[in-house]
Amino acid sequence: MLDWKREPHRRFNPLTREWVLVSPHRTARPWQGQVEKTSVAQQPQYDPECYLCPGNARAGGVRNPAYTSTFVFDNDFAALKPDTPLGRFEQDGLLLAEGEPGVCRVVCFSPRHDLTVANMEPADLRRVVDVWTEQYAELGARTLINHVQIFENRGAMMGASNPHPHCQIWSSYAIPNEVAKETAAQDAWRQGHGSCLLCDYVRLEQTAGERTVDQNDHFLALVPFWAVWPFEVMVLPKRHMTGMDGLTDVERDALADILKRTTSRYDRLFQVSFPYSMGFHQRPTDGAPHDEWHLHAHFHPPLLRSATVRKFLVGYELLATPQRDITAEVAAERLRAV
Ligand SMILES: [Zn+2]
Ligand SMILES: [Zn+2]
Ligand SMILES: [Zn+2]
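Notes on the structure in this doc start here. Keep in mind that what you see is a predicted model, and the values were worked out from it rather than measured. Counting from 1, residues in each chain are numbered in the order their sequence is written. Chains carry letters and ligands carry numbers; both start at the beginning, A for chains and 1 for ligands, and go up in the order they are written. Per-residue local features of the predicted model are confined to residues with pLDDT of at least 70, and side-chain atom pairs are confined, for both listing and counting, to 80 or more; whole-chain, interface and lining totals are unaffected and use all residues. In computing side-chain values, all of the structure's heavy atoms are included and hydrogens and water are not.

So, the overall build of the chain
- The helix and strand labels rest on DSSP assignments: H or I over at least four residues marks a helix, E over at least two residues marks a strand, and numbering proceeds from the N terminus. Within the chain, the regular secondary structure consists of six helices and 16 strands.
- Relative to the 2.2 N^0.38 estimate, which gives 20 Å for 338 residues, the radius of gyration of the chain is 20 Å and therefore close to what a compact globule would have.
- Burial statistics for the chain: of 338 residues in total, 51% are counted as buried.
- Residues count as neighbours in contact if any of their non-hydrogen atoms are within 4.5 Å of one another. Restricting to contacts in the chain with at least 6 residues of sequence separation, those with at least 24 account for 67%.
- Note that accessible areas follow from Shrake-Rupley with a 1.4 Å probe, and for residues the cover is restricted to the protein chains shown. As displayed, the chain offers around 16,200 Å² of accessible surface, 54% of which is attributable to carbon and sulfur atoms.
- Of the charged side chains in the chain, 36 are positive and 42 negative, and the gap between their average positions amounts to 5 Å. Every radius of gyration here is taken over C-alpha atoms, with the globule rule written as 2.2 Å times N^0.38, N being the number of residues. Accessibility here uses a 1.4 Å probe with only protein chains present; expressed as a share of the type maximum, an area under 20% marks a residue as buried, one over 50% as exposed, and anything in between as partly exposed. Only four residue types enter the charge count, namely Lys and Arg as positive and Asp and Glu as negative; His and the chain termini do not. Working definition for charges: the position is that of NZ of Lys, CZ of Arg, CG of Asp or CD of Glu.

Here we look at the packing of helix α4 (residues 249-269) against helix α6 (residues 328-336)
- Angles shown run from 0 to 180 degrees and are taken between the N-to-C directions of axes, each axis being a line fitted to C-alpha atoms and, for helices, limited to the stretch in contact. The N-to-C vectors of α4 and α6 enclose an angle of 90°; their axes lie 9 Å apart at closest approach. Comparing their axes, α6 and α4 come out roughly perpendicular. Contacts between α4 and α6 pair R265, Y266 and L269 from the former with R334, L335 and R336 from the latter.
- Only Asp, Glu, Lys and Arg are considered charged in this grouping, and only Ala, Val, Leu, Ile, Met, Phe, Trp, Tyr, Cys and Pro are considered nonpolar; every other residue, Gly among them, is considered polar. Along the lines of polarity and charge, the residues of the contact of α4 with α6 split into three nonpolar, no polar and three charged. Note that the term roughly parallel is reserved for angles under 35 degrees, roughly antiparallel for angles over 145, roughly perpendicular for angles of 65 to 115, and oblique for everything else.

Things to note about the sheet that holds strand β7 (residues 147-154)
- Taking strand neighbours across the sheet as the criterion, the nine strands line up as β3-β6-β8-β7-β12-β13-β11-β10-β9 in an open arrangement whose pairing is antiparallel. The sheet is open, and its two borders are formed by β3 (71-74) and β9 (212-215), each paired with just one other strand. For this sheet, the mean angle separating the axes of adjacent strands, direction not counted, is 20°.
- Two strands are said to pair when DSSP picks up at least two bridges between them. Two elements, strand β12 (residues 276-281) and strand β13 (residues 296-300), share five bridges in a ladder whose sense is antiparallel. Within β13, the residue paired with H281 across the bridge is H296.
- Its contacts with the sheet place helix α3 (residues 197-208) against β9, β10 (219-222), β11 (233-237) and β13, and it is angled at close to 70° to β10.

Points about the coordination of the zinc ion (ligand 3)
- Taken together, the protein donors to the zinc ion (ligand 3) comprise E182 (OE), E182 (OE), H281 (ND1), H296 (NE2) and H298 (NE2), at separations of 2.0 to 2.3 Å.
- Each metal's donors are the N, O and S atoms within 2.8 Å of it, or within 3.2 Å when it is Na, K or Ca, and because water is not part of the set, sites may look incomplete. Counting along the primary sequence, the residues that act as donors to the zinc ion (ligand 3) give the motif E-x98-H-x14-H-x1-H.

Notes on the packing of aromatic side chains
- A pair of aromatic rings is counted whenever rings of Phe, Tyr or Trp (Trp by its six-membered ring) have centres within 6.5 Å, and the orientation is called stacked for planes under 30 degrees apart, edge-to-face for over 60 and tilted otherwise. If you walk through the whole model with that rule in mind, you get 14 aromatic pairs.
- Taking 5.3 Å as the distance between ring centres and 80° as the angle between the ring planes, the aromatic pair formed by W4 and F225 counts as edge-to-face. Residue W4 is located in the segment before β1 (9-13), and its partner F225 is located in the loop between β10 and β11; the two are separated by 221 residues in the primary sequence.
- Ring geometry for F109 versus W132: centroids 6.0 Å apart, planes at 80°, classification edge-to-face. Here F109 is found in the loop between β6 (102-108) and α1 (122-140), whereas its partner W132 is found in helix α1, with 23 residues between them in sequence.
- For F109, a relative accessible area of 2% gives the class buried.
- Three or more aromatic residues link up through ring pairs in this structure, and these residues are F231, Y266, F270, F274, Y276 and F299.
- Sitting above the plane of the W19 ring, R10 keeps its charged end 3.7 Å from the centroid.
- Two limits define a charge over a ring: the Lys NZ or Arg CZ must be within 6 Å of the ring centre, and within 35 degrees of the ring normal. Here the basic side chain of R11 rests over the ring of F225, its NZ or CZ set 4.1 Å away from the ring centre.

So this is what it looks like as structure tokens:
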């Protein structure tokens, strides 16, 4: 039997059907790389220079309303546009391009410039969950929108251009790469096992416990067995549902609660406002029932050993296979402890 807590090994991600290299024996090696500057500057509640704050002008000249809760608008510099034609270009089977219509939106979580998911009030976070659900339904109902991606980049380290609490929603005609992989894997699991891959995984992790970070009555937060990022977390509903439109009233509150719990643990881990990329994966909105799909969120935080040491995917990881030193079990233990 493999001693996978001590020996170098690779772990399989059943959602993407890709492998990650785990090197637990390397955690003691000295660090001589980049040290990021810790940003400790307290943000003001209102920033006159912020293009997301209420009443301020955005680039392009539109002025935000004096909003008091959440605020949704079409991205001024959208990567996708709704009126793009569905053309196709092909040459010798080597050059292939397809027109990609879509809609990109920005959701401000709060009028307060200085808040984060970790320190927002539960009732205000619940309002954000409601907006996500509304946007998923509204955009997903459009005939040219087959996928709705909700994601948040938090912190300059993750390329977030503005600290104002907000997320983006990119909805598109095509099913994006990661979602296509997860759709294929969940569908194959359902065909082969007659059950839902992530329902089965939730049950396994509830029994194992060693990768659980936090939970409430309806959601489980865990470091997945196959995590790539040091403190990567998945948040899953304990009950099967294909998308956010399956959430009941109490489950919406529970989702807000588990997101606040998870991000608060992140902030406590290195005593810093923790950077991350977070996003929801759910049923494509192409009209098929997709009962193989199980709603979940991924958190991909870059920090490795402290507030200033970050992980990069370079070299072997970029060219061959992602690699990690600290095991998923140790990462979960550390997040449980704070
Ligand atoms: Zn702001
Ligand atoms: Zn399920
Ligand atoms: Zn996923």
